[in-house]
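What follows is the residue order along each chain.
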Amino acid sequence: MARIIIMGASSGMGLATAEALAKRGVKIGIAARHTETMRELKERYPDNVEYMSIDVTKPSAKEKLLELIEKVGGMDIYFHVAGIGFENLDLDPEREVEILKTNACGFVRMICVAYRYFRDRGHKGQIAAITSVAGTNGIGRLSAYSSSKALDQRYLIALEQLAHAEGADVRFTDIRPGWVKTPLLVPGDKYPMEMTVPYVIPQILWAIAKEKRVHVIDWRWNVAVGLWRMIPDAIWTRIKMPISKPDEPLPTPPIEPPVDPLDKPEAKKKDAPEKA
């Protein structure tokens with residue numbers, strides 16, 4: 001049975017996917033910045049779940065991912081779900097960069113580690129990732145978010161080409177959902193063709209199991225994306241696109257994520273055992 005690593009498993013689609021796999025007896029390693037929900041999942045499925053606190057925006061995330069893989073006993077599928085998104089209509093540069101740190105830099109950092117793990121060991125593997133339908137075009141209200149998801153999609157294409165060139169047996173699955181009711185959304189607001197987490201999880205599992213190269217969730221969004229790709233940029237850029245009803249900005253998290261103490265050299269020295 002496949003051993004699966006899920007990055008970004010503390011809530012939403014990541015946590016729900018982890019729970020669905022654990023119920024099926026799959027050996028999984030899960031990671032996110034916050035560990036409370038992951039610890040609870042480990043308590044419910046002690047033989048199937050390993051977890052670690054990993055912040056994909058930190059350089060130490062590379063080594064921590066390899067540690068998690070070792071705890072699981074290897075990796076056959078890497079599934080990347082970690083991501084953030086919010087509106088930044090003031091175009092505060094630091095807010096834009098904050099999104100890119102997670103969705104672009106963090107994505108590339110972890111996908112690189114997974115790819116090298118499979119390639120360097122000559123191990124057959126699969127890299128799957130949640131991107132978004134937003135990545136198929138620029139969305140003014142979600143400028144950094146839609147741009148970062150476009151980068152993710154192109155990066156998977158680039159690595160697939162590299163895998164063919166290098167003879168690496170690595171397959172790629174790009175999962176692109178539309179609006180999903182997760183903690184990223186405003187509670188009580190209505191979003192276009194909004195879906196629930198229980199509705200999308202079976203489709204995520206199916207796309208990974210079937211090794212689909214690109215899978216849009218759901219069929220309505222597949223049609224919508226096909227149509228808006230046909231719109232010339234000169235027209236697209238003049239379309240006013242409300243996000244929700246009522247039209248409110250997405251919740252904005254604190255600008256600075258929690259500091260990883262393992263990334264502080266002084267913390268490492270402080271926690272190190274003293275020599276006799």
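Quick caveat, the model's predicted, so the values are computed rather than measured.

### Considering the pairing of strand 3 (residues 49-53)
- Judged from the 5 bridges that link them, strand 2 (residues 27-32) and strand 3 form a sheet pairing that is parallel. Along strand 3, the bridge assignment pairs Ala32 with Ser53.

### Here's the deal with a nonpolar patch on the surface
- Together, Tyr199, Trp219, Val223, Leu227 and Met230 make up an exposed nonpolar region whose accessible area comes to about 610 Å².
- Counting residues per element, the nonpolar patch draws most heavily on helix 7 (residues 219-228), at 3 residues.

### Focus: the sheet that holds strand 4 (residues 77-80)
- Spatial ordering of the open sheet is given by 3-2-1-4-5-6-7, a layout of 7 strands whose pairing is parallel. In this open sheet, the two edge strands, each paired with only one partner strand, are strand 3 and strand 7 (214-217). Taking the axes of each pair of neighbouring strands and ignoring which way they run, one obtains an average angle of 15° across the sheet.
- Sitting on the sheet, helix 2 (residues 36-44) touches strand 2 and strand 3, and the angle it makes with strand 3 is about 160°.

### Quick notes on unusual backbone geometry
- With an omega of 0°, the peptide bond running from Ile217 to Asp218 counts as cis.
- By the element assignment, Asp218 lies in the loop between strand 7 and helix 7.
- With a phi angle near 55°, Leu91 is a residue other than glycine that sits in the positive phi range.
- Mapped onto the secondary structure, Leu91 falls in the loop between strand 4 and helix 4 (93-121).
- Classification of Leu91 by relative accessible area gives exposed; the value is 53%.
- Even without a glycine there, the phi angle at Glu211 is positive, about 55°.
- Mapped onto the elements, Glu211 comes out in the loop between helix 6 (197-209) and strand 7.

### A look at the packing of helix 1 (residues 12-23) against helix 2
- The geometry of helix 1 relative to helix 2 is characterised by a closest axis approach of 11 Å and an angle of 5° between their N-to-C directions. As far as their axial angle goes, helix 2 and helix 1 are roughly parallel. Here Leu15, Ala18 and Glu19 of helix 1 come into contact with helix 2, specifically with Thr37, Leu41 and Arg44.

### A look at the confidence of the model for the protein chain
- Summing up the model confidence of the protein chain, the mean pLDDT is 89 and the portion of residues at 70 or higher is 89%.
- In this model residues 257-276 is a low-confidence stretch, pLDDT under 50, and it forms 15 contacts with partners more than four residues away in sequence or in other chains.

### Points about the pattern of salt bridges
- Applying the stated criterion to the full structure yields 12 salt bridges.
- For the salt bridge of Arg171 with Glu211, the shortest nitrogen-to-oxygen distance reads 2.1 Å. Here Glu211 lies in the loop between helix 6 and strand 7 and Arg171 lies in strand 6 (residues 170-177), a separation of 40 residues in the sequence.
- A cluster of three or more residues bridged by salt bridges with shared partners is formed by Lys27, Lys42 and Glu50.

### Side note on the nonpolar core
- The biggest cluster of nonpolar side chains holds 49 residues, and the ones touching the most others in it are Ile6, Ile28, Ile30, Phe79, Ile201 and Ile204.
- For this core, the leading source of residues is helix 6, giving 7 residues.
- The residues contacting Ile204, other than those within four sequence positions of it, are Met13, Thr17, Phe79, Ile130, Ile175 and Ile217.
- Core analysis: the second largest hydrophobic core is formed by 31 residues, Val72, Tyr117, Ala163 and Phe172 among them.

Rules used in this analysis
- Residues numbered from 1 in each chain as written.
- Predicted model: local features only at pLDDT ≥ 70, side-chain atom pairs only at ≥ 80, totals over all residues.
- Heavy atoms only, no water.
- Pairing = 2+ DSSP bridges.
- Helix = DSSP H or I, 4+ residues; strand = E, 2+ residues; numbered from the N terminus.
- Patch = residues over 30% accessible without salt bridge, like charges linked within 9 Å, V, L, I, M, F, W, Y side chains within 5 Å.
- Areas by Shrake-Rupley, 256 points an atom, 1.4 Å probe, with all protein chains shown as cover.
- Salt bridge = Lys/Arg side-chain N within 4 Å of Asp/Glu carboxyl O.
- Axes fitted to C-alpha atoms, helices over the stretch in contact; angles between N-to-C directions.
- Contact = heavy atoms within 4.5 Å.
- Buried < 20%, exposed > 50% of the residue type's maximum accessible area, 1.4 Å probe, protein only.
- Parallel < 35°, antiparallel > 145°, perpendicular 65-115°, else oblique.
- pLDDT = per-residue confidence, 0-100.
- Core = buried A, V, L, I, M, F, W, Y, C linked by side-chain atoms within 4.5 Å.

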